[in-house]
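# Remarks on the overall topology
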Amino acid sequence: MNGPDSSSPSPASGSGARRRSDDTRDAILAAARERFAADGYERATIRAIAKDAAIDPSMVMRYYGNKEGLFAAAVAVDLAMPDLGPLPRQDVGRVLVTHFLGMWEENEVLTALLRVGATNQAGAERMQGIFRDQVMPVARQVCPDPEQVPARAALTATQLLGLALTRYVLRFPPVVALAREEVVAWLAPTVQRYLTAPSP
């Protein structure tokens, strides 16, 4: 009886290959986020991103196809929005601001996307899509007038994105210096008003 085929990859070697593949993808995405944020979508190149990741450009193409596919993967963001439906209405603003503070501080992809979105159309459209698809449904849960959901969600975004821009991208010292509890105390009433108050 013949023994096992020594040319067949063992489960351990397969696992190692997957880990190397995951590491390569992570390196590409990290380099892409930095490059897109620094150069913008139009000027960032596959070659430059590959150089930053210390890999061959063909590997970037292998995993992501083209620059558009790489950009989409690099800035894919799940905001993990909380369910506001069961909450007492007076807690909505506090919960949302607290949630977004956590997201901005723990998710480097979101901050990178904000940098890109502030400088070029592709990033702006990506950010618009994320907020349209993920923030508007949450706003719909608590807005008193369904017709005002888009406007109220957009006004909420002005606070959440403005905070992120000044605290994590432009890093205005007085905003950076605020404790999280202070940020929530200042912003939560405004977000609360945008989402639940009667129309002015």
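In short, a report on the structure. (Residues numbered from 1 in each chain as written. Predicted model: local features only at pLDDT ≥ 70, side-chain atom pairs only at ≥ 80, totals over all residues. Heavy atoms only, no water.)

## Comments concerning the side chain of threonine 156
Inspection of the secondary structure assignment puts threonine 156 in helix α9 (residues 149–169). Here arginine 152 takes part through its backbone oxygen, which lies 2.9 Å from a polar atom of the side chain of threonine 156. If sequence neighbours within four positions are ignored, threonine 156 has contacts with Val191, Tyr194 and Leu195. (Helix = DSSP H or I, 4+ residues; strand = E, 2+ residues; numbered from the N terminus. Polar contact = N/O pair within 3.5 Å; in protein donor to acceptor, adjacent residues only side chain to side chain. Contact = heavy atoms within 4.5 Å.)

## Quick look at the pattern of salt bridges
All chains considered together, the criterion is met by six salt bridges. Put simply, arginine 94 and aspartate 91 hold a salt bridge, and the shortest N to O gap is 3.8 Å. In this structure, the salt-bridge partner of arginine 167 is glutamate 105, at a minimum N-O distance of 3.6 Å. Within this pair, whereas arginine 167 is found in helix α9, its partner glutamate 105 is found in helix α5 (residues 92–106), the two being separated by 62 residues in sequence. When its relative accessible area of 6% is taken as the criterion, arginine 167 is described as buried. It is possible to trace a salt-bridge network through shared partners that takes in Arg35, Asp39 and Asp52. (Salt bridge = Lys/Arg side-chain N within 4 Å of Asp/Glu carboxyl O. Buried < 20%, exposed > 50% of the residue type's maximum accessible area, 1.4 Å probe, protein only.)

## Some points on helix α2 (residues 46–53)
Among all positions in α2, only Ile46, Ala48, Ile49, Ala50 and Ala53 are buried. Trailing α2 by a residue or two, alanine 54 shows a phi angle of about 60 degrees, which is positive.

## Some points on the packing of helix α6 (residues 108–117) against helix α7 (residues 121–134)
Two numbers describe how α6 lies on α7: the axes approach to 7 Å, and their chain directions differ by 130 degrees. By the criterion of interaxial angle, the relationship of α6 to α7 is oblique. α6 and α7 meet at a crossing whose hand is left-handed. In contact with Leu110, Leu113, Leu114, Val116 and Gly117 of α6, α7 contributes Gly123, Ala124, Arg126, Met127 and Ile130. (Axes fitted to C-alpha atoms, helices over the stretch in contact; angles between N-to-C directions. Parallel < 35°, antiparallel > 145°, perpendicular 65-115°, else oblique. Left-handed = near helix turned anticlockwise from the far one by under 90°.)

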